[in-house]
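Structural overview for review
Each chain, written out:
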Amino acid sequence: MAFRGRLRLAAVALAFTALGGVALAAEPEKAATDKSQTEKPLGVVELFTSQGCSSCPPADEFFAELAGKDDIVALAYHVNYWDYLGWQDTLSTKENTERQYDYMRAFGSRSVYTPQAVINGRSHVNGASRKDVDGALARMDRAGEGMRVAIKVSRTSDRVMIDAGDAAGGPADAHVVLVYFGPPQMVKIGQGENSGRSLTYWNAVSDIQTAGMWHGKAQRYELPMTEIAKKGGCAVLLQSVGKDGIPGPILGAAFIHKPDRL
């Protein structure tokens, strides 16, 4: 199923205002920007992993380091196609698996695998290889294929504001994608290839929603704080999408909320 067809429009009422053309409504209180957030992080690492894959624990361990960095937006998508080996991944979703298959088509690959790390929506490497992941991030940053659009998140007591900047070359249209994830949690695996192990998983994606469109110009999007707070963690990705709905390069990203507790 295509990317744009699966990612349902956010259930929240998303208000947006072009910055530079229309004056913004007065806020009930001064917005407080999260100082720990980087407007242009080094990059986005999307790890496709499974509790039932014996090759994944080293990647999950390395991913925990990435998840702790302020300049990396790290998201873990647990997939379900290894469940037949005897253990049903407690964090997997059908949508996570479908997102990986969409990337497979985008990259012209014939199969999917774990652990797979997709870097900036542009290429994929072995998710357990520190050298490959770090190398891809650095290479794309030097080539201008990193986060080209600044994303700034601020908030008041009742809302979250997402400010996307102007395009700096490249695609002028993108989807504003909200990716929800849980806090780090330990899972004791009872069967399958990792039977008997207790493993900790970070930033496991639980839901993906398309919240709006960006057309190359600075724009503001507003979300109710209640919607963000009840979901746990949340990141925003500004991702170009092909006419066939296949995901493309990620142009900007930021964390809206990032839980860091076990």
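Residues numbered from 1 in each chain as written. Predicted model: local features only at pLDDT ≥ 70, side-chain atom pairs only at ≥ 80, totals over all residues. Heavy atoms only, no water.

Interaxial distance between helix α2 (residues 56–67) and helix α4 (residues 130–142) falls to 11 Å at its minimum, and their mutual angle equals 35 degrees. Residue-level contacts link F62, E65 and L66 of α2 to R130, V133 and D134 of α4. Of the residues that constitute the contact of α2 with α4, the class distribution is 3 nonpolar, no polar and 3 charged. (Axes fitted to C-alpha atoms, helices over the stretch in contact; angles between N-to-C directions. Helix = DSSP H or I, 4+ residues; strand = E, 2+ residues; numbered from the N terminus. Contact = heavy atoms within 4.5 Å. Nonpolar A, V, L, I, M, F, W, Y, C, P; charged D, E, K, R; others polar.)

For the rest of this paragraph, the subject is α4. In a regular helix each residue adds 1.5 Å, so 13 residues correspond to 18 Å; α4 covers 18 Å between its end C-alpha atoms and thus fits that length. Where α4 is concerned, the buried positions are V133, A136, L137 and M140. Axial view of α4: buried residues confined to an arc of 95 degrees, hence all on one face. Those residues of α4 that are exposed and aimed more than 90 degrees away from the buried face are K131 and R142. Backbone geometry just downstream of α4 places G144 in the positive-phi region, at approximately 75 degrees. (Expected span 1.5 Å × (residues − 1). Buried < 20%, exposed > 50% of the residue type's maximum accessible area, 1.4 Å probe, protein only. Arc of directions from axis to C-beta.)

So, about the sheet that holds strand β5 (residues 116–119). Within the open sheet, the 4 strands sit side by side as β4-β3-β5-β6. Their pairing is mixed. Each edge of the sheet is formed by a strand with only one pairing partner; in this case those strands are β4 (72–78) and β6 (123–126). On average, each strand axis in the sheet is tilted by 25 degrees relative to the strand beside it, whichever way the strands run. Strand direction decides the pairing type here: strand β3 (residues 43–49) and β4, joined by 7 bridges, are parallel. For G43, the partnering residue across the bridge sits in β4 and is I72. Across the sheet, helix α3 (residues 94–106) touches β3, β4 and β5, and the angle it forms with β3 is around 115 degrees. (Pairing = 2+ DSSP bridges.)

On the secondary structure map, R220 appears in strand β13 (residues 219–224). On the basis of relative accessible area, R220 is assigned to the buried category, the value being 13%.

Quick look at the sheet that holds strand β12 (residues 205–214) now. In space, the 4 strands of this open sheet follow the order β12-β9-β14-β15, with antiparallel pairing throughout. Both outer strands of the open sheet, β12 and β15 (247–257), are each paired with one neighbouring strand and no more. Recorded for the sheet is a direction-independent mean angle of 25 degrees between the axes of neighbouring strands. As paired strands, strand β14 (residues 233–241) and β15 are joined by 7 bridges and run antiparallel to one another. If you follow Q239 over to β15, its bridge partner there is I250.

By the definition in use, this model includes 8 salt bridges. Here R159 makes a salt bridge to D158, at a shortest N to O gap of 3.3 Å. We classify D158 as partly exposed; its relative accessible area is 39%. Where salt bridges share partners, they join K94, E95 and E98 into one cluster. (Salt bridge = Lys/Arg side-chain N within 4 Å of Asp/Glu carboxyl O.)

All right, on to the pairing of strand β11 (residues 198–201) then. Of the two faces of β11, only the one carrying L199 and Y201 is buried; S198 and T200 on the other face are not. As defined by bridge partners, strand β10 (residues 185–188) adjoins β11 across 4 bridges and the pair is classed as antiparallel. Bridge pairing in β11 places M186 opposite T200.

In this section: the environment of R105. Along the chain, R105 turns up in helix α3. Taking the C-alpha atoms as reference points, R105 and I246, separated by 141 residues in sequence, lie 7.5 Å from one another.

Our focus in this paragraph is the side chain of D60. Relative to the elements of secondary structure, D60 occurs in helix α2. R197 provides the closest opposite charge to the buried, unpaired D60, separated from it by 8.2 Å. Ignoring any residue separated from it by four or fewer positions in sequence, one finds D60 in contact with L47, T49 and Y201. (Lys, Arg positive; Asp, Glu negative; His and termini not counted.)

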